[in-house]
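Summary of the model geometry
So the chains spell out like this:
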Amino acid sequence: MMIMVSLLIASGCAPPHMNASRDLVSVTVLPAKSPVWTYTITTQNAENLLEVSFVSDSDLSDVDVISIPAEIELKSIHEGNTIKVALRGHRFNGRGFNQNQFRSMRLMLRSNDKNLQNGDIKVQVTDFRGNVTTVEKISGPV
């Protein structure tokens, strides 16, 4: 009886298990028109996401990436036709870090360029184990 109780206590203290993605990331975009595109990125097995990349045929240097809600810290790197967005964490009024919200998140691409039009782009999502899921031909700026 003592052995079973100690096993239950020990297993209850174990760190949570996180699954690696195997193309289990879905990306939707609404509304799909210029000058604002809003993406919802979700995982099916509760993987923690680390990075999202938007790849277009056009130059995206003037496109801003905004998180919804705005408390999520983003670090965006523009490389011509690619925007890499590193997900940094969530600040609870400066009291800590919570990566759980990266299992589902919303990002908005916004541009002041009136010449950008709606077209097909590629979205690459990287999880905490380095697995990359690519969603091709989704609506975005071109």
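About the cut-offs
Residues numbered from 1 in each chain as written. Predicted model: local features only at pLDDT ≥ 70, side-chain atom pairs only at ≥ 80, totals over all residues. Heavy atoms only, no water. Helix = DSSP H or I, 4+ residues; strand = E, 2+ residues; numbered from the N terminus. Buried < 20%, exposed > 50% of the residue type's maximum accessible area, 1.4 Å probe, protein only. Contact = heavy atoms within 4.5 Å. Areas by Shrake-Rupley, 256 points an atom, 1.4 Å probe, with all protein chains shown as cover. Pairing = 2+ DSSP bridges. Axes fitted to C-alpha atoms, helices over the stretch in contact; angles between N-to-C directions. Phe/Tyr/Trp six-rings, centres within 6.5 Å; stacked < 30°, edge-to-face > 60°. Core = buried A, V, L, I, M, F, W, Y, C linked by side-chain atoms within 4.5 Å. pLDDT = per-residue confidence, 0-100.

**Structural notes on the overall build of the protein chain**
Broken down by element type, the protein chain carries one helix and nine strands. In sequence order, the protein chain lays out its α and β elements as α-β-β-β-β-β-β-β-β-β. A burial count over the protein chain gives 35% of its 142 residues as buried. Long-range contacts, defined as pairs at least 24 residues apart, comprise 59% of the intrachain contacts of the protein chain with a sequence gap of at least 6. When the accessible surface of the protein chain is summed, it comes to about 8,500 Å², and 52% of that surface belongs to carbon and sulfur atoms.

**Brief notes about unusual backbone geometry**
Non-glycine residue lysine 137 carries a positive phi angle of around 55°. Take lysine 137: its relative accessible area is 67%, and that puts it in the exposed class.

**Comments concerning the sheet that holds strand β1 (residues 25-33)**
Hydrogen bonding along the main chain pairs the strands of a sheet, whether they run parallel or antiparallel. Spatial ordering of the open sheet is given by β1-β2-β7-β4, a layout of four strands whose pairing is antiparallel. The sheet is open, and its two edges are formed by β1 and β4 (63-68), each paired on a single side. In this sheet, adjacent strand axes meet at a mean angle of 20° when their direction is disregarded. Judged from the seven bridges that link them, strand β2 (residues 36-43) and strand β7 (residues 104-111) form a sheet pairing that is antiparallel. Its bridge partner lying in β7, valine 36 is registered against arginine 110.

**Observations regarding the packing of aromatic side chains**
Going through the model one piece at a time under the given rule, you end up with one aromatic pair. With a centroid separation of 5.0 Å and 50° between ring planes, the pair formed by tyrosine 39 and phenylalanine 54 is classed as tilted. Of this pair, tyrosine 39 sits in strand β2 while phenylalanine 54 sits in strand β3 (residues 49-55), placing them 15 residues apart in sequence. A single burial state applies to tyrosine 39 and to phenylalanine 54, both of which are buried.

**Looking at the nonpolar core**
Where a protein is soluble and globular, its nonpolar side chains tend to be buried together. Core analysis: the largest hydrophobic core is formed by 24 residues, its most contacted members being Val27, Tyr39, Ile41, Phe54 and Val123. Not counting residues within four places of it along the chain, the set of residues in contact with valine 27 comprises Tyr39, Thr40, Ile41, Val123, Val125, Val135 and Ile138.

**As for the pairing of strand β9 (residues 132-141)**
Where strand β8 (residues 118-127) and β9 come together, eight bridges link them in antiparallel fashion. Following the sheet pairing, valine 123 is matched in β9 by valine 135. Where β8 hands over to β9, the hairpin turn is made up of four residues, of which glycine 130 adopts a positive phi near 90°.

**Quick look at the confidence of the model for the protein chain**
Where the model shows low pLDDT, its predicted coordinates should not be examined in detail. The predicted model of the protein chain has a mean per-residue pLDDT of 75, with 69% of residues at 70 or higher. Looking across the protein chain, the model is least confident in helix α1 (residues 2-12), with a mean pLDDT of 46, and most confident in β3, with 90. Here residues 5-21 is a poorly scored stretch, pLDDT under 50, and it has 17 contacts once near neighbours within four places are set aside; other chains count.

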